[in-house]
Amino acid sequence: MIKIGIVGGTGYTGVELLRILATHPQAQLTAITSRKEDGVPVAQMYPSLRGRVDLAFSSPDKANLNECDVVFFATPHGVAMAQAPELLANGVKVIDLAADFRMQDVAQFEKWYGMEHSCKDLLSEAVYGLPELNRDKIKSARLIGNPGCYPTTMQLGFAPLLKAGVIDAGNLIADCKSGVSGAGRKAEIGILFSESSDSFKAYGVAGHRHTPETIEQLQHLTQDKVSLLFTPHLVPMIRGMHSTLYAQLTQEISNEALQALFEDAYKDETFVDVMPFGSHPETRSTRASNMLRIAVHRPGNGKHVVILVVQDNLVKGASGQAVQCMNIMFGLDESTGLQHVPVNP
Ligand SMILES: NC(=O)C1=CN([C@@H]2O[C@H](COP(=O)(O)OP(=O)(O)OC[C@H]3O[C@@H](n4cnc5c(N)ncnc54)[C@H](OP(=O)(O)O)[C@@H]3O)[C@@H](O)[C@H]2O)C=CC1
Ligand SMILES: CC(=O)N[C@@H](CCC(=O)OP(=O)(O)O)C(=O)O
């Protein structure tokens, strides 16, 4: 059994980790932290976990994290970097769902996250936790920077085209929409029901921190310089993410060959579904599951390819992906505990 700690168990990605790990056959939940709910039984706060999780939240300073085999940080940016060095020194593996260990470019991290990186020396061994593009490195990693939700869709959508060299890498456009749970469980005016329901808006148009993260990773896939225009939107649904990706073709290629690039790239991937050419995937087809679905389009058989990508932001976009990484790190079948069929309707 794998002894597991979760720092930040009360938040949306924390409770999603609990939901997934509660039925994972190799997971032994050992410590779950919350500063505000210290001593409160997990199942009292989340009755959905009654009979599944019998631990109580404990404050991070009292939690026995050093006894764990792996600790997930489902916390705001900057928390994991303060604790990872001690955990790693004690032989505990670390998976951070925030951005502390996603980017190798420290200057970019500090610019976009507005904080100094406190353990830069660990960045060189940190592994970006996107299994479909980085599986071999994840196998031997002690420290994972789990990808952002939007970057997961952008990378898996653009990757087959960039690797094949059939698009202009300097002209990528991503128009992405997220459900409100993407903003976390914290109280903020913008995510109140009365503010976010029955309305729809873009944000971060001048720049969003997921742009440098995505460019850094996409740049590993091509010799050409990657340039990305990314606009996130908040849509009035609880979970789900829909990314519409645009790229310009640089060579003649048939629609069948375009589709084949995606089918070949993901033919062995349990969690990436390439739908028939011209499909319109819905976010609900991934709801509460670790699936990400992709559909390839070529409007008017012209020079542009449009890729539609959907996922559940809390699962493949966060906690499911983190458990997928854990499975790989511990030599388990990658889909262990992650076989949930999406919830419909
Ligand atoms: N929501 C999403 O769709 C996605 C989120 N992420 C990332 O995952 C991380 C968690 O997100 P999410 O679950 O939405 O966030 P929430 O705001 O819902 O939860 C944050 C959790 O962290 C705890 N926490 C807050 N501050 C600290 C601290 N200083 N030390 C220890 N614990 C702390 C909180 O509990 P308490 O205050 O009681 O300690 C709470 O349990 C974030 O970095 C986010 O960017 C990544 C991909 C997708
Ligand atoms: C809808 C919404 O607000 N989404 C969040 C991103 C979600 C996410 O978790 O990204 P990080 O882990 O990089 O913070 C945002 O745009 O800030």
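Residues numbered from 1 in each chain as written. Chains lettered and ligands numbered in written order. Predicted model: local features only at pLDDT ≥ 70, side-chain atom pairs only at ≥ 80, totals over all residues. Heavy atoms only, no water.

Details of the overall build of the chain
At step 1: Scanning the chain for helices and strands turns up 10 helices and 13 strands.
At step 2: Its C-alpha radius of gyration of 20 Å places the chain within 12% of the 20 Å reference for a compact globule of 345 residues.
At step 3: Counting every position in the chain, which comprises 345 residues, the buried fraction comes to 56%.
At step 4: Relative to all contacts within the chain whose residues are 6 or more apart in sequence, the contacts with residues 24 or more apart total 69%.
At step 5: For the chain, the accessible surface area stands at approximately 14800 Å², while carbon and sulfur atoms represent 50% of it.
At step 6: Taken together, the 30 basic and 36 acidic charged side chains of the chain have centroids lying 3 Å from each other. (Helix = DSSP H or I, 4+ residues; strand = E, 2+ residues; numbered from the N terminus. Rg over C-alpha atoms; globule rule 2.2 N^0.38 Å. Buried < 20%, exposed > 50% of the residue type's maximum accessible area, 1.4 Å probe, protein only. Contact = heavy atoms within 4.5 Å. Areas by Shrake-Rupley, 256 points an atom, 1.4 Å probe, with all protein chains shown as cover. Lys, Arg positive; Asp, Glu negative; His and termini not counted. Charge placed at Lys NZ, Arg CZ, Asp CG, Glu CD.)

A look at the site of ligand 1
At step 1: With respect to spatial proximity, 27 residues lie near ligand 1, and among them Thr10, Thr13, Ser34, Thr75 and Arg185 are the closest.
At step 2: Contact distances for ligand 1 include 3.5 Å between an oxygen atom and a backbone N or O atom of Ala74.
At step 3: The separation between an oxygen atom of ligand 1 and a polar main-chain atom of Thr75 is 2.7 Å.
At step 4: Protein contacts shield 86% of the accessible area of ligand 1, which totals 890 Å² for the unbound molecule.
At step 5: In this structure, ligand 1 is accommodated by the largest pocket.
At step 6: Listed by contribution, the elements that provide at least two residues to the shell around ligand 1 are helix H1 (12-21) and helix H10 (315-329).
At step 7: Tallied by class, the residues present in the shell around ligand 1 amount to 9 nonpolar, 13 polar and 5 charged.
At step 8: Built from parts of two domains, the shell around ligand 1 gets at least three residues from each of domain 1 (2-125) and domain 2 (150-313). (Near = heavy atom within 4 Å. Polar contact = N/O pair within 3.5 Å; in protein donor to acceptor, adjacent residues only side chain to side chain. 1 Å grid on protein atoms, 1.4 Å probe; cavity = no way out; pocket = protein on both sides within 12 Å on 5 of 7 lines; lining within 4 Å. Sits in = over half its atoms within 2 Å of the grid points. Nonpolar A, V, L, I, M, F, W, Y, C, P; charged D, E, K, R; others polar. Domains from an automatic or database assignment.)

Concerning the layout of surface pockets
Think of a ball as big as a water molecule: rolled over the atoms, this probe shows where empty space is left.
At step 1: In this structure, the largest pocket occupies an estimated 1400 Å³ of space.
At step 2: Together, 50 residues line the largest pocket, and Pro76, Ala183, Gly184, Arg185 and Lys186 are the ones closest to its centre.
At step 3: Among the elements that make up the lining of the largest pocket, the one with the highest residue count is H1 (3 residues).
At step 4: Broken down by class, the residue content of the lining of the largest pocket amounts to 20 nonpolar, 21 polar and 9 charged.
At step 5: Of the residues that make up the lining of the largest pocket, three or more belong to each of domain 1 (2-125) and domain 2 (150-313).
At step 6: Computed from the structure, the second largest pocket encloses a volume of approximately 580 Å³.
At step 7: What lines the second largest pocket is a set of 25 residues, among which Tyr12, Ser181, Ile238, Arg239 and Leu314 lie closest to the centre.
At step 8: Looking at the lining of the second largest pocket, the elements with two or more residues in it are H1 and helix H7 (193-196).
At step 9: A per-element tally of the lining of the second largest pocket places H1 first, with 4 residues.
At step 10: Taken together, the residues of the lining of the second largest pocket break down into 12 nonpolar, 7 polar and 6 charged. (Points joined across faces, edges and corners; volume = space filled by probe spheres on them.)

Looking at the site of ligand 2
At step 1: Surrounding ligand 2, one finds 14 residues, the nearest of these being Arg102, Tyr203, His208, Arg209 and His210.
At step 2: At 2.8 Å, a side-chain N or O of His208 approaches an oxygen atom of ligand 2.
At step 3: Contact with the protein chains hides 83% of the accessible area of ligand 2, taken as 430 Å² for the molecule alone.
At step 4: Of the pockets mapped on this structure, ligand 2 occupies the largest pocket.
At step 5: For the shell around ligand 2, a count of residues per class yields 6 nonpolar, 6 polar and 2 charged.
At step 6: The two domains that each donate at least three residues to the shell around ligand 2 are domain 1 (2-125) and domain 2 (150-313).

With respect to the domain arrangement of the chain
At step 1: Structurally, the chain comprises domain 1 (2-125) and domain 2 (150-313).
At step 2: Using only C-alpha atoms to locate each centre, domain 1 and domain 2 end up separated by 27 Å.
At step 3: The contact between domain 1 and domain 2 buries some 1200 Å² in all, and 55% of this surface belongs to carbon and sulfur atoms.
At step 4: Its largest share of buried area at the contact with domain 2, domain 1 owes to Tyr12, Arg102 and Trp112, together 47% of the area lost on that side.
At step 5: On the surface where domain 1 and domain 2 come into contact, there are 2 salt bridges.
At step 6: The shortest N-O distance in the salt bridge between Glu213 and Arg102 comes to 3.1 Å.
At step 7: Here domain 1 and domain 2 share 6 residue pairs in polar contact (both at pLDDT 80 or more) between them.
At step 8: For the side of domain 1 that touches domain 2, the elements supplying multiple residues, two or more each, are H1 and helix H4 (106-113).
At step 9: Of the residues belonging to the side of domain 1 that touches domain 2, the class tally is 6 nonpolar, 5 polar and 4 charged. (Buried area = accessible area lost by both parts, 1.4 Å probe. Salt bridge = Lys/Arg side-chain N within 4 Å of Asp/Glu carboxyl O.)

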